[in-house]
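# Overview (structure and organization)
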Amino acid sequence: MEIDPFIFRLSIFILSIFIGYYVVWSVTPSLHTPLMSVTNAISSVIIVGAIIAALAGNSMNVFDTANIFGFLAIILAAINIFGGFLVTQRMLAMYKKKKKDKK
Amino acid sequence: MISSNLLAIFYLISGVLFILALRGLSSPETSRQGNLYGIIGMALAISVTILSVGNFSLGFLYLIIFLLIGGSIGAFIAFKIPMTAMPELVAGFHSLVGLAAVFVAISAFLNPEIFNLGTPGNIKVASLIEMSLGAAIGAITFTGSIIAFLKLRGIMSGSPITFFGQHYLNLFLGISLLALISYLCIKQIDTLFWAIIIISLLVGVLLIIPIGGADMPVVISMLNSYSGWAAAGIGFTLENTALIITGALVGSSGAILSYIMCKGMNRSFFNVILGGWGGNDETSSSSVQKEKKPVKNGNADDAAFLMKNASSVIIVPGYGMAVAQAQHALREMVDALKKNGVKVSYAIHPVAGRMPGHMNVLLAEANVPYDEVFELDEINNDFANCDVAYVIGANDVTNPIAKSDPQSPIYGMPVLDVEKSKSVLFVKRSLSPGYAGIDNDLFYRDNTLMLFADAKKMTEEIVKSL
């Protein structure tokens, strides 16, 4: 019997949880705030669902109800993606090591 | 335009890039590159999705416009936001992820054909469960984060809101959610789906209102986790690997942060979630009677004298430093001390501030090198050999009662051994107890000098007299 593709997705999901577990434990505590802002940015990859919802379907009728929800989700996710990555960048740029030539 | 197999491979690559983005955060040196990986992963996922739909008609134009509108709002916020407002910002961003998940779930429900999930009224049962779960968790994240945002922003009082039968109401709503989802699988009525979303929105509010302001680090981490699970739920619905991987990563990341925060307070996760902790400073009854005890009161000159003649000083910042925006003044003070040959380091408690790593970001903003900043385990033994501990805006995390009095609500919580240093300078506006509502024994010790003032003003005055 063939394996249901759902099982494959479930496997990816479970293994990713483990990857997440080990990767996040190795994040240094001083970077926990950037960790939150970057996870926030990457979870906005939900935008791919929004794009499909917004674009697919009847091309004559751009603003079908399902499409409108797609477009709204695009705006929200875009705020997050740009905002999340840029604010992370801004924070990370501030972390500096002690200068060698101490005054 | 792109075959679905190729598309899946691109999504897998995005997923791997996201893993690398988190991996980069293991040290500040690699973190910037990690962030770049994240951006590339995101750009890849978006571009291949657009190519795969291959619809470059009017809709595509709108897509670009909406992307740019959202993008410019996001970029504007990212550049304007002060670092002290980071907890609110993150809470606000979480609410957007939650709402986006709800919207995507709604469009999948209304128009399942575009995602190959069946036809309206005849959606595959598995997809139905996945999308209702995604929508429910998304909705909880949305309203929960809004409440967290309002509390952090100070628009809503940080004190917990509790009422009779709260937990039963939540339990009832939770059970009815599950019942509705099961019923939806049998009978696909639109109303059921809307009911699931509305109840979830309500649950989000009810879940966060009983949690006090100082427990916000746990709440934010928890909502971070939820936003991940919501994304994963949608990922299963859309059969999208990038979303599943990301959702799992974010979900476990938030869960780990919640765990670290709970451990930092020696409280169980359920204890925090059930809420009711941390009233206002005024409501505590114990504060009145204890104020009779003598305290040593000092001024900026005393503090400056003590620190100038010390050989090592440890600085213990807390939420009060963020409120007073004292981080820059603090750095100036440290610079002045270093010129006098004093060795200075910073000690950060895991739950200092309103979100994980809050203090570290503020110190980094004030140009404090990150290798002078230490975590609790790294520095706690150094207090015994240190001349002066300068406590600025922290309170409960220094309370020695957590080690000595099993009756105390914070007993067992890991604390910074501030009292072991030769003298303690405690910058605080008044003797009021901290969020746990308990008096800090440290105030009355012989080696403690209280500096009653605003954290920023006091630090500036010390700089002057140095």
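Conventions adopted
- One numbering rule holds for all chains: residues counted from 1, following each sequence as written.
- Labels follow written order: the first chain is A, the first ligand is 1, and so on.
- For a predicted model such as this one, the threshold for reporting local features is a pLDDT of at least 70, and the threshold for listing and counting side-chain atom pairs is 80 or more; totals across whole chains, interfaces and linings nevertheless cover every residue.
- Calculation of side-chain values draws on the structure's entire complement of heavy atoms; hydrogens and water are dropped beforehand.
- Two strands are counted as paired when DSSP detects at least two bridges linking them.
- Numbering of helices and strands starts at the N terminus; helices are DSSP runs of H or I of at least 4 residues and strands are runs of E of at least 2.
- Note on definitions: angles span 0 to 180 degrees between N-to-C directions of axes, and those axes are lines fitted to C-alpha atoms, for helices only across the stretch in contact.
- Pairs of residues are marked as contacts when any of their non-hydrogen atoms sit within 4.5 Å.
- Side-chain atoms within 4.5 Å link the members of a nonpolar core, which is a set of buried Ala, Val, Leu, Ile, Met, Phe, Trp, Tyr and Cys residues.
- Buried means the residue's accessible area, taken with a 1.4 Å probe over protein chains only, is under 20% of the maximum for its type, while exposed means over 50%, and partly exposed covers the values in between.
- For every residue, the pLDDT score states the predictor's confidence, bounded by 0 at the bottom and 100 at the top.
- Each salt bridge in this description consists of a side-chain nitrogen of Lys or Arg and a carboxyl oxygen of Asp or Glu lying within 4 Å of one another.
- Working definition: rings of Phe, Tyr and Trp (its six-membered ring) pair if their centres are within 6.5 Å, and the pair is stacked with planes under 30 degrees apart, edge-to-face with planes over 60 apart, and tilted otherwise.
- Think of it as a cone above the ring: NZ of Lys or CZ of Arg counts as a charge over the ring if it is within 6 Å of the ring centre and within 35 degrees of the ring normal.
- Simply put, the buried area is the total loss of 1.4 Å probe accessible area from both parts when two parts are fitted together.
- In protein, a polar contact requires one atom able to donate a hydrogen and another able to accept it; more generally it is a pair of N or O atoms within 3.5 Å, and residues adjacent in sequence count only if both atoms are side-chain atoms.
- What goes into a patch is any residue over 30% in relative accessible area without a salt bridge, connected to like charges within 9 Å or, for nonpolar side chains (Val, Leu, Ile, Met, Phe, Trp, Tyr), within 5 Å.
- Per-residue accessibility takes into account occlusion by the displayed protein chains alone, with areas from the Shrake-Rupley method and a 1.4 Å probe.
- With the far helix as reference, a near helix turned anticlockwise by less than a right angle produces a left-handed crossing, and one turned clockwise produces a right-handed crossing.
- Note on residue categories: nonpolar means Ala, Val, Leu, Ile, Met, Phe, Trp, Tyr, Cys or Pro, charged means Asp, Glu, Lys or Arg, and polar means any other residue, Gly included.
- When the strands point away from the viewer and the connection leading from the first strand across the helix to the second strand turns clockwise, the crossover is called right-handed.
- Multiplying 1.5 Å by the helix residue count minus one yields the expected span of that helix.

## Looking at the sheet that holds strand β4 (residues 343-348) of chain B
All names here are of chain B. With respect to topology, six strands assemble into an open sheet ordered β5-β4-β3-β6-β7-β8, the strand pairing being parallel. Both edges of this open sheet fall to β5 (373-375) and β8 (448-452), since each of them pairs with a single strand only. When strand polarity is set aside, the average angle formed by the axes of neighbouring strands in this sheet is 25 degrees. With four bridges connecting them, strand β3 (residues 312-317) and β4 associate as parallel partners. Paired with S312 across the bridge in β4 is K343. Seen against the sheet, helix α12 (residues 300-308) touches β3, β6 (388-392), β7 (423-428) and β8 and runs at an angle of roughly 145 degrees to β7.

## A look at the nonpolar core
With 191 residues, the main nonpolar core has I74(A), I315(B), Y390(B) and I462(B) as its most contacted residues. For this core, the leading source of residues is helix α4 (residues 86-110) of chain B, giving 16 residues. Once residues within four sequence positions are removed from consideration, I462(B) is found in contact with A300(B), A303(B), A304(B), M307(B), M333(B), Y390(B) and L451(B). Membership of the second largest hydrophobic core comes to five residues, among which are F13(A), A232(B), F236(B) and I244(B).

## Regarding the confidence of the model for chain B
Residues and elements named next belong to chain B. In the predicted model, chain B carries a mean pLDDT of 86, and 94% of its residues have values of at least 70. The low-confidence segment residues 278-291 (pLDDT under 50) makes 18 contacts with residues lying over four places distant or belonging to another chain. Our summary of model confidence lists the complex with pTM equal to 0.88 and ipTM equal to 0.92.

## Brief notes about the environment of I129(B)
Residues and elements named next belong to chain B. For I129, the location among the structural elements is in helix α5 (residues 125-153). Here I129 falls in the partly exposed class, since its relative accessible area comes to 36%. The spatial distance from the C-alpha of I129 to the C-alpha of V218 is 28 Å, given a sequence separation of 89 residues.

## Some words on the pattern of salt bridges
Residues and elements named next belong to chain B. A full pass over the atoms with the stated rule returns ten salt bridges over all chains. Of the charged contacts in the structure, one is a salt bridge between E88 and R153, with a shortest N-O distance of 3.2 Å. Of this pair, E88 sits in helix α4 while R153 sits in helix α5, and the two are 65 residues apart along the sequence. Residue class for E88 comes out buried when judged on its relative accessible area of 9%. Look at R153 and you get partly exposed, because its relative accessible area is 45%.

## Digging into the packing of aromatic side chains
Under the criterion given, the structure shown has 14 aromatic pairs over all chains. Ring geometry for F71(A) versus F66(B): centroids 4.9 Å apart, planes at 40 degrees, classification tilted. Of this pair, F71(A) sits in helix α4 (residues 65-94) while F66(B) sits in helix α3 (residues 58-80), which puts the two residues in different chains. Chaining the aromatic ring pairs together yields one cluster made of F6(A), F13(A), W229(B) and F236(B). Between R354(B) and the ring centre of Y319(B), over which it is positioned, the NZ or CZ distance is 3.7 Å.

## Some thoughts on the interface of chain A and chain B
Contacts between chain A and chain B engage 78 residues on the former and 102 residues on the latter. Here chain A and chain B share an interface that buries about 8400 Å² over both sides, 79% of which is from carbon and sulfur atoms. In terms of surface lost to chain B, no three residues of chain A exceed M36(A), I46(A) and L55(A), which account for 9% of the buried area on that side. Put simply, chain A and chain B have one salt bridge between them. With a closest N to O distance of 3.5 Å, R9(A) and E239(B) form a salt bridge. Along the contact surface separating chain A from chain B lie 16 residue pairs in polar contact (both at pLDDT 80 or more). Every element with two or more residues in the side of chain A that touches chain B is listed here: α1 (5-25), α2 (32-43), α3 (47-55) and α4 of chain A. No other element matches the 27 residues that α4(A) contributes to the side of chain A that touches chain B.

## Observations concerning a nonpolar patch on the surface
On the surface, a nonpolar cluster with roughly 1100 Å² of combined accessible area is contributed by I3(A), F6(A), I7(A), F8(A), L10(A), I14(A), F18(A), Y21(A), Y22(A), W25(A) and Y259(B). For the nonpolar patch, the leading source of residues is α1(A), giving nine residues. Topologically, I3(A) is positioned in the segment before α1.

## Digging into the packing of α5(B) against helix α7 (residues 190-208) of chain B
Residue and element names in this part refer to chain B. Their axes nearest at 7 Å, the elements α5 and α7 cross at an angle of 35 degrees. In the crossing of α5 with α7, the sense of the turn from one axis to the other is right-handed. For the pair formed by α5 and α7, the contact residues are M131, S132, A135, A136, A139, I140, F142, T143, G144, I147, A148 and K151 on the first element and F193, I196, I197, S200, L201, V203, G204, V205, L207 and I208 on the second. Residues that form the contact of α5 with α7 fall into these classes: 16 nonpolar, five polar and one charged.

## A word on the environment of S95(B)
Residues and elements named next belong to chain B. Note on placement: S95 falls in helix α4. Classification of S95 as buried rests on a relative accessible area of 7%. Sequence separation between S95 and F149 is 54 residues; the distance between their C-alpha atoms is 8.8 Å. Not counting residues up to four positions away in its chain, the partners in contact with S95 are T141, F142, S145 and I146. Among the polar contacts listed, one links the side chain of S95 to the backbone oxygen of G92, at a separation of 2.6 Å.

## Here's the deal with the pairing of β4(B)
For a regular strand, side chains alternate in direction, first toward one face of the sheet and then toward the other. Residues and elements named next belong to chain B. Counting buried positions along β4 yields five of six residues, so the element is predominantly enclosed. For β4 and β5, the ladder comprises three bridges, and the chain directions are parallel. Directly across from Y346, in β5, lies its bridge partner V373. Of the crossover connections in this fold, the one passing from β4 over helix α15 (residues 358-365) to the parallel β5 is right-handed.

## Topic: the side chain of N395(B)
Residue and element names in this part refer to chain B. Here N395 is to be found in the loop between β6 and α17 (401-404). A relative accessible area of 10% means that N395 is categorised as buried. Within the structure, the side chain of N395 is placed 2.8 Å from the side chain of N440, a separation counted as a polar contact.

## A short note on helix α14 (residues 327-339) of chain B
Residue and element names in this part refer to chain B. Between the first and last C-alpha of α14 there are 19 Å, a value that for 13 residues agrees with the 18 Å anticipated at 1.5 Å per step. Considered for burial, the residues of α14 that qualify are Q327, A329, L330, M333, V334, A336 and L337. Looking one or two residues beyond α14, the residue adopting positive phi is G341, at roughly 80 degrees.

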